[in-house]
Every structure is written in structure tokens, then in C-alpha cells.
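Close look at the chain arrangement
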Amino acid sequence: MRQLYKHHLFWPVAILFSLLLFNFIYSPDFFSIVVRDGKLYGSLIDILNFGAPLMLVSIGMTLVIATKGIDLSVGSIVAIAGALSCLIISRGNDQNTLSLVLSAMGMALLLSLFLGLWNGLLVAKAGIQPIIATLILMVAGRGIAQLITSGQIITVNSPKYAFIGTGALAALPVSVFVVALMLAIALLLTRKSALGLFIEAVGCNPEASRLSGIRSVMVLMLVYVFCGLCAGIAGLLVSSNVSSADGNNAGLWYELDAILAVVIGGTSLNGGRFYLIGTIIGALIIQTLTTTIYMIGIPPEITLVVKACVVLIVCLIQSETFRKTLVHRWNTRHYTAEREATSHVNQ
Amino acid sequence: MEQQPVLEMRGIHKQFPGVKALSNVDFRLFSGEVHALMGENGAGKSSLIKVLTGVYSIDQGAVKLSNQPVSLKSPLEAQEAGISTVYQEVNLCTNLTVAENIFIGREPRRFGRILWKQMNRNADKLLKDRMQLNIDVTLPLHAYSVAIQQLIAIARALSISAKVLILDEPTSSLDANEVKQLFSIMQTLKQDGLAILFVTHFLDQVYEISDRITILRNGNLVGEYMAKDLPKLELVSQMIGKDLTQLEKLPSKSASEQFEGNEIIAEAKQAARKGAIEPFDLKLRKGEVIGLAGLLGSGRTETARLFFGADALDQGTVRMSKANQHIQSPRKAIEHGVAFCSENRKTEGILDELTVRENIIVALQSTRGWYKPLSRKKQNEIAEHYIQLLNINPPHTEQLIKNLSGGNQQKVLLARWLLTQPKLLILDEPTRGIDVGAKTEIQRLVLDLSAKGMSVLFISSELEEVLRVSHRIAVLRDRRKIKEISDQEMTEHSIMKTIAGG
Amino acid sequence: MSINRKYVPIVVTTSLFLLMFIAGSFRYNGFFSPQVLLNLLIDNAFLLIVAVGMSFVIISGGIDLSVGAVIALTTMISASLVQQLNWSPIIVIPLVLLIGALLGCGMGAIIHYFKIQPFIVTLAGMFLARGLCYVISIQTITIDNPFYTAMAQTKIRLPGGSFISISVIIALVVVAAAIYIAHYTSFGRNVYAIGGSEQSALLMGLPVAKTKILVYTLSGLCSALAGVVFTFYMLSGYGLHAVGMELDTIAAVVIGGTLLTGGVGYIVGTFFGVMIQGIIQTIISFEGTLSSWWTKIVIGLLLCLFILLQKVLSARQAIFKS
């Protein structure tokens, strides 16, 4: 029992479970799933489908945060990828040809890879703090997305393109499979090869990792490229879901939601250990929360207040000082400088 | 004529989780005196100083300043009470100007407005009058050398009109001339009636400047002596304590000629790096332990880092002889059988959030590449093997390394490198900050490894230790290799002389 | 020579601004007039005020992502109190300033006492402030209170026929006060000291806790004041006001030569950083064929350029030292 309680997934799962329970009590048909035209419909399916882009972005973000980094540009990459693929498709003679759709998606993903590489170069090669390095693309990326769409909303009429965002495979949304595929790739790369160890090592201590022979630069580049790719795929899902690209609003706040999902999932912003499954649950919690708030009829924008509280609580729980303050509040005297200094003594 | 001490500490206790930092320590400081606080690493010197500067609280005991009991709760309170400290790493803000660094927090003000001109004038005057320092006080601090920064830190302490000045290892990054300048200033301050607490690990400097010596060992007070009544050897044995005999039980090592015929494992030819080390040659033979002796900042670590490719060379070559391979990066170095245990365990060694197992296998794994992971079973076997071999405590593979004591962390790092089966093992201060028991274990291990044919480059600030394990000693001074010493010449005296340049 | 290097970023910023203005004057008719310059101030008064607060935060080594949201919240509270509850602006304006300061103070306290990265705490603050806007109303609330319209429409004539708005005066007063605070008060110098090295500042006995919390309080206050000015400018309260403003602000501060690692920066630089953003927008609108999104791209490029410049300068400094 104690082991269960201590498991890193305990809290995320518990939160998700209680959210679902609340929904069930509030509206028992929340869990009802119906089959129509060989597709499943229902709130749970919606959560999976609408949460897919966020889950994708969060997978990439998890690896970046594990290296003690952060990628603020994912929202912009989502917009750029969607914009580029919609632009290419809308320029085609027959918007529904498979080769056109595939090449559009290919081009968009290639561009996302390149944007990830750009972030990676700034962080790993130029040595700029990640938050700053990715801020550049966050600012400029919105402009680039609008440049691609010429400030308009590009709509496409291509059932084949719409398939990845709205279609179904074996009755489940295609997007679920996309997420599953990327998650499997990420898990395979990090847990079945030594890459996970290297990422965690670089996140713990880049210099010690370099001196242990790890190619820190390569590892950093790789995670930013992977994060770019994830954001690019998410961008395709988002634009395909609505069959249009909006350079201004697509992927807005994704960076923040993704960071939140990662943190809820148990990965510390200080780098090191990362939990991909935890992240997925974190993303699901955020999506469920949004759905719940819609359902009980509170204006959806208020989700932001709830998110603010969640961020704060999770960070406070993660903060060692906070925990210590709670524990030691009454039995030690209060020396401000000691807290910084004690860590040096115990080495 | 026993006058009243300006500072008196009685029965100080300080406990940290798992470590007794200070137990029942007394300490006195008289004005107009330089009082050296001596002790090995981990003896409790820095804890005592942190108590004095209000960084640590005390669990038990009393501190009296000018015969008044004081309770120092923060650096600010300590400063206001008249206790100022200058640390080894200059704790000033290098982005601010010299004048600001002296006066910040107490700037001359009128209606809250800082009077820059007056502040600059005051700073200029203070530095000229009491430090014999004539510099532009409007430049940011980072425009000046560490030695000058240190003097400025002292000037700051003086400007607070300190009664007690604590100098914590002030000389470790200064060259001989700078030390001379510092000492002459200390003499003047002493004559002005200031009480100076001086911490250093350079024995000569202690006798050059100090009037009184207090020795700590393992958090306990050994005694307080007048410097003139305490012979150097006595001081050393008091610092080391009864462990001296324990240390001597190391296996005897072979003479250096014995290695003459052995193959050369690694060789540096005219290797140099600007600001780190002047061109030097050094050969390491199979099975030989080479000690690097010299003061902190003499270029010891820098030399070692070149052998590991941790820093880039500016000229010359460092190569592993057998493969005839240049060492350009840590990766290359590890590939060719070099291992490097850094002196900065925390910043360059351990991966704090990872387990003992992961910390042990990481170097081996990185040579194998990411696509050839060691199986979990293999990893556990390896980790358990080394935990047993090196007596790592607690003996759990899945323990996070940050929860281990310093000595055990050091052993994990040793395990990390032994696992790569290096031909050349570089140990930079491997015994710093760890307890004596672990210390001898590590020294013994070095000799064992060398007997099995591994070459070792051994760096330590403690001369005894270098002498104990090395077959040959390269002496460094002022970022230059001065001399290689072997066999009969290898005595503390001769090496000290070489280090001092006499 | 080291004193020169200290001013390099600020010199680059100022000359860049002048260069852009000269280039614009040659290229476009009607660009070279005092009013164009003054319009930069009129249109960017609120940005200038937030950027001043942000400069202090960044110099102290932190970051504040909540500024845009606090502006929106301020417009929202002002609009709802003035318009829906008919409160007097004389009460409302001090009240919103107090709310902004309190928000900042709370974030500063959490950052300092619980050692959580400023980035994540102010992010939560941003969520909170935006969310609170929607708690008040999801719609835009238009303001027709005579005081606000008067503040919005009053033009202060200058000799030579050009004019400025009251907001410009407020912004310039803020800039002047900030220069004084940064340079001539203990608080200002402590901010620089903490940005240089928090550990050292602590050991030198400086009031680190007070200063850090005060920095975020100041930033909150500046954001609220910017929100008041923004309300004058827009005459409405809306939860989507000033979206992305935090990025514009950070960009302006960085382009103004403040080091993101803390410890180095000038309010004057920030002033020119804001003016550069303004002039880019002006040039793009004068160009006519260029669309507004080019502003973001150009600002992104400039940001990149300045960050790399900072990197090169600090690397040179490291070499110089050794």
C-alpha cells in the first residue's frame, strides 16, 4: 500500500480518477459511448481526440524539460506546421490527392524538424539559456505562421487531410494512434536504449555528463529536434481537425499547457528524471478539466484560474524548501541564510 | 598579561543531519593579533566561521563579543556587530563598481539619494590609505584580478569598522607577490588593533603571519597554542591526530627506477593552455603513480584536465602512446583508456538525481554508445560488484547518489572510472572533504591499482598524501612545471622548498 | 576600455534607433517629423511603463511573465467598477494599482521563500490574472466615463504644432523615476547586486528577501499602471487585451541591452528598446505593402541578434579576465 502511495504515478492517476468520478456523479452519461458509422462517440473519446495535440507536444516537452531546458516555441511550431501543410494543400489542383496531402505533411514536418534544430543550435551550440533561446522562435514563429497564411485563415477541402484529425481507425480516432505511435517511439528510444540515461544525466549535470563522455551537445540537439517534430505533428492534427490553419490562434498557450502537463506528470523543472506516462496523464487531466468546465456550464475561460492554482500547488509540492518549511516550521529557528548553506556542508 | 579577548566562543555545538560539525568547541580572538584556525578538510573550520558570520545557528554554546553575549542570526547582524568576513571565492558582485562593492548597503546618502562622487572619493581614499592600492574605483570589479578583488573585499570589511576580520583561505588563489602584499596589509591592520582570524592550509604562511593557532580536528577542539611555541611538525601531527599511525600502514611502494623500462602510457609534449599552464613535458609509465604537487592555483588541475581533453590545448600535444592518439575531448580520452575524477565532485562528478547504479555505469555506457545499452541485469551485477569492492555504504544500487556521504560519493565516482578499465587514472583531490577512514581506503586502492599495472596521476593539496602514494612527483608553481622529484629527494622538505621556489 | 564595453549594447541600441529613423526619413514622405517620433511615445506609453518594471526584474536575475495578464486584469477591473458599478475613477485607479502591486508582491514572496523559478510562478500569476478577467466578464466592457475619455482625448500641444497625450507624460515620469531609483537609491543598487550574485549579496548583508519581493511588487505596480494607461488608450476592458505583451516587453528590455542573466542593464536602454519596437511598426505601416506580422519576425530577429551579441560580449569579457 505504501509503495503504491509512493509511486510517481499515484498522484496524477488519483487526480485524473477523481476528476472522472466527479464527472460521473455530475452527469452519469459522461461515460456513455455510442457507436455511429463505425466510430465511437462520447465525452471520453472527445477528451482523447481533442487532447491528442497537447499529449504530443507534452511528450516532446518532457524530454526537453528532462535536460533542464524548456521549449517556449512549441505553440508557434504548431501554428507554422499547420499553416504550411494547409497552404500546400490549398495550392494543389486536386486537394484530395494522396501524394499532395502526403507531401504537404512531409514538408510541414521537415520544417518543424528544422525549427527544432534551430532551437537546439541556440541552446547546445551557442549556449543560450533555453527559455531565452526558444523565446526568439516563440515571438518570430507567430509572425512566420501569419506570413505563411498571409494573415488569413486558410481553409482546405481535403477529406484525406481531414482524416488524421477527424477520421477513425478500428472505431477509435486516428489521432489516438498518432499519439500512441509517438509515445511508443519516445519510450523505445529512452527506455530501451541508453538515450534516456543520457538525457537524465545531461539534465542533472551537463558538465559532469560531458566529462563522463556523453555527447551533451548531441543529446540536447536531439531533444529539441524531437520536440519540434512532436509540435509539428500536433500542428497537423490541429489543422486537420478543423480543416483550416489560423496562424494567429492555432497552438496558442500550448507551451504553457504542455509545461503544466509535464509538471503534473511528476517531471521536475530542474531536469533529471522524466516520466512520459505521467506526462500523458497530466495532459489528460488538463483536457478532462477543460471538458468538465464546459460541461458544468462555467465559462471555459475560467479554466485559466484553475490551471493557475494547479501550477502553483504542484510547484509548491515539488519545492523542497516548501516541504521543509511545513515540516520544520515549529521545531527549528528561522535562519534565512542557513538553507542555502546547509547543502554545501553535507557534500 | 592576559587581556580580555574581543571575541570568545564557548562550548559550541552544531549538528547537521548525520554529521556532527562542531562539538564543544571553544575559541578566543584577541585584538591586535592574527589567529590562525587550522585543521584538515572537514575539521570544522568552515562551520565555525559560518557560525561567526551568522550563516549557521548554533545548537548549544555562547558567543561573546567584547564580553557581551551576542546572537548572530544573519550575515547582516554579524557585520553590524563588527565581524566581517572575506571568503576564498570573492563574495562581491563583479558587475558593480569597486566603490560600490566597498560601500553597498551603507552608501553615503542625502535624503535617500546616493552620493556617488563622495562614495568614489571615500573608496579611493580608503584603498590608498589602508591598502596602498591606487586604482580606478569607478570601474566594475571584474576589470581587476582576483588578488585585487580580495583586497577590495578586505577594504569593504574595514569600512564597516570591523573589530574582527575573518580571512577564509584568502591566499589560495594568489601568487607569491600578491600574498606578500596581503600580509603587509594584514600587519598594518594588526597594528591598528584589529583582530584577524586567518584560515589557510599553507603551513608556511601560518608561521609567517600568525601569533596564535587554534587546531580543530573532526569537529573537536584540539588546542590553542602560541605560534612560536608550536613546532611545525607538532602542528601537523595535531592536525592529523592519531590517524598518523593508521595512515602509515600502507603497503610499501616500489622505487621509481623500477618503472624506467616500462612502456610509456601517456605523454605530454610542450603541452600548454593560455592562462592555465605553461608548456610542459610529462611521461607516464605503466604502473607508475605520478603526484602533482603545488599550491592551489599552481596549475595542477589544469594539467590533469589537459590529459583528459577536458580543455583544449593551445599548443603542443598530449597523446596516449600505444594508440598514438591525440586526446582532444573527454570522449576520445575515455575511448583511449583515460579516466578523470574531478576535484569538484558536486559540479563535475556526480549526477545527483540519479541512482548509484546509473552513476557507476554512465561512463561505460557512453563509450558503448546509446544504441548498445547494458541490460538492467548486467547493470545491477556491475553496481553490486563495485559496491562490495569499494565498500560503498549504504550498499543499495537504487539509492540516489545525492543521499550518500561525500566519501561514498567519491567511491561511486571511482567505481565509474574503474569500470571503464582505464590505463591512466587521473585523481584530482580524491580525498578532499572525506573522513580519514575513507581517505586511507582510497590511498590504499591507488597503490593496489598501480601494482596491477595502472598508471595514476595523483593530485592532492596534502603533501603527505602525495608523498605517500607517488613514485615520482612533478612540482608546479605559478602555472609552470618546475621540477620532477623522485626517490631519495622525495621528502616533504625538498618538495616544500621547490614549491616555495627556494 | 572596460567602461566602453559596458556601454556597447546601449550604444548599439541607440544607434540602431537613429539609423532606423534616418532610413525611414529618407525612404518615406512625411516620416521625418516630430509628430512621428511623438506618436511612437503615444502608441507605446503602456509598453514603456511595463518595460521599466520588467527591466528591474530582469536586472535582478528574474523574469515576469504575468505583465500582459495584469494589464488585462487592470483594464477589466477598471471598466467594470467605473462602468457597471459607477465608482469614481479617483477610487478605482489607486485600487487597481494596489491590486497589481499585491499580485506582484505575492509572486515575489513565493519566488523568494519557496525557491521556485520565477518563470513558473509568474506563469501561474499570468493564468490567474487572465482567468480573473473572465470571472468578471467574458465580453468587452466599453468605457464612456468622462474622466477616462478626457484622459484619452486630451492632447497636450507642444511648440511647433505637435502634441502628446497625458499617458506620455505618465510614461516619461515613470522612466525618469526609474532611472533615479536604479542609479541613486539603495534599492536600485541592491537589485543590481542581486542580479550580479545573489549569494554574494546575501553574504554582504544586503536585504535580499526584501529587495527581491519589492522588485516583483514594482513590476506588478508598473503593469497595473500600464493597465490604467492602456485603459485610457483603448477605453475598454477586455480579457484578451495585451495578449503576448510579456514577450514584447522582454524583447524591448533585451534589445535595450539588459543582460538576461541579470546584473547589467540600463533603463535608458529599455526606453530605446521600446522605441525600436515602435519604429519597426511605424516603418512597416509606412511601407504599406508589408503586413503587420513582419513586426513579429523583425523583432524576433533583433532579439536573436542582441542575445547573440550579449553572448559574444560576455565571452570576450571572460577571455579578457583570464
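Our subject is the structure that appears above.
All of the points below concern the structure found in this document. Quick caveat, the model's predicted, so the values are computed rather than measured.

Analysis parameters
- Residues numbered from 1 in each chain as written.
- Chains lettered and ligands numbered in written order.
- Predicted model: local features only at pLDDT ≥ 70, side-chain atom pairs only at ≥ 80, totals over all residues.
- Heavy atoms only, no water.
- Contact = heavy atoms within 4.5 Å.
- Buried area = accessible area lost by both parts, 1.4 Å probe.
- Salt bridge = Lys/Arg side-chain N within 4 Å of Asp/Glu carboxyl O.
- Helix = DSSP H or I, 4+ residues; strand = E, 2+ residues; numbered from the N terminus.
- Pairing = 2+ DSSP bridges.
- Axes fitted to C-alpha atoms, helices over the stretch in contact; angles between N-to-C directions.
- Phe/Tyr/Trp six-rings, centres within 6.5 Å; stacked < 30°, edge-to-face > 60°.
- Buried < 20%, exposed > 50% of the residue type's maximum accessible area, 1.4 Å probe, protein only.
- Lys NZ or Arg CZ within 6 Å of the ring centre and 35° of its normal.
- Polar contact = N/O pair within 3.5 Å; in protein donor to acceptor, adjacent residues only side chain to side chain.
- Nonpolar A, V, L, I, M, F, W, Y, C, P; charged D, E, K, R; others polar.

Re the interface of chain A and chain B
Each partner contributes residues to the interface: chain A has 31 residues there, and chain B has 41 residues. The junction of chain A with chain B conceals about 3200 Å² of combined surface from both sides, 61% of it contributed by carbon and sulfur atoms. Between the two partners, chain A and chain B, sit 2 salt bridges. With a closest N to O distance of 3.8 Å, A:Glu207 and B:Arg305 form a salt bridge. Of all the secondary structure elements, the ones that give two or more residues to the side of chain A that touches chain B are α8 (174-192), α9 (195-204), α10 (206-211) and α16 (336-345) of chain A.

Description of the environment of C:Phe232
Residue and element names in this part refer to chain C. Turning to its location among the elements, Phe232 is positioned in helix α10 (residues 208-234). For the pair Phe232 and Thr149, spaced 83 residues apart in sequence, the C-alpha to C-alpha distance is 7.1 Å. Apart from residues no more than four positions distant in its own chain, Phe232 is found in contact with Ile93, Phe147, Tyr148, Met151, Ala152, Ser167 and Ile170.

Focus on the sheet that holds strand β19 (residues 424-428) of chain B
All names here are of chain B. The strand order across the open sheet formed by 6 strands is β18-β19-β20-β15-β21-β22, and the pairing between neighbours is mixed. Only two strands of the sheet have a single neighbouring strand rather than two, namely β18 (338-341) and β22 (480-486). Neighbour-to-neighbour, the strand axes of the sheet open up by a mean angle of 15°, direction not taken into account. Pairing of β19 with strand β20 (residues 455-459), which is carried by 5 bridges, proceeds in the parallel orientation. Residue Ile426 lies in a different strand from β20, and its bridge partner there is Leu457. Seen against the sheet, helix α10 (residues 300-308) touches β15 (289-293), β18, β19, β20 and β21 (472-477) and runs at an angle of roughly 145° to β18.

Regarding the packing of aromatic side chains
Residue and element names in this part refer to chain C. Counted by the stated rule, this structure contains 21 aromatic pairs over all chains. Ring centres of Phe147 and Tyr148 lie 5.9 Å apart, and the angle between their planes is 90°; this geometry places the pair in the edge-to-face category. On the accessibility criterion, Tyr148 (0% relative accessible area) is buried. Grouping aromatic residues by their ring pairs yields a cluster made of Phe21, Tyr28, Phe31, Phe32 and Phe286. Lying over the aromatic face of Phe163, Lys155 brings its terminal NZ or CZ to 4.5 Å of the ring centre.

Looking at the pairing of β22(B)
All names here are of chain B. Examined bridge by bridge, β21 and β22 share 6 bridges and lie antiparallel to one another. Across the sheet, residue Arg477 finds its bridge partner in β22, namely Arg480. In textbook terms, the turn of a hairpin is the stretch between consecutive antiparallel strands, and for β21 and β22 this stretch comprises 2 residues, one of which, Asp478, has a positive phi near 50°.

Comments concerning the interface of chain A and chain C
Each partner contributes residues to the interface: chain A has 47 residues there, and chain C has 37 residues. Regarding the contact of chain A and chain C, the summed buried area is about 4000 Å², with carbon and sulfur atoms giving 83% of it. For the pair chain A and chain C, the interface holds 0 salt bridges. Seen at the junction of chain A and chain C, the total is 1 residue pair in polar contact (both at pLDDT 80 or more). When residues of the side of chain A that touches chain C are traced back to their parent elements, those giving at least two are α5 (98-125), α6 (130-149), α12 (254-264), α14 (303-318), α15 (320-328) and α16 of chain A. Among the residues making up the side of chain A that touches chain C, the classes are represented as 30 nonpolar, 11 polar and 6 charged.

Some remarks on the pattern of salt bridges
When their charged atoms lie close together, side chains carrying opposite charge are able to pair. Residues and elements named next belong to chain B. All told, the structure shown has 29 salt bridges over all chains when counted by the stated rule. The residue Lys377 makes a salt bridge to Glu381 at a minimum N-O spacing of 3.9 Å. With Lys377 and Glu381 both in helix α14 (residues 376-389) and 4 residues apart, this pair spans about one turn of that helix. Taking the relative accessible area as the measure of exposure, Lys377 reaches 61% and is therefore exposed. With relative accessibility at 43%, the residue Glu381 sits in the partly exposed group. Among the ionic pairs, Lys481 bridges to Glu484, the shortest N-O distance being 2.5 Å.

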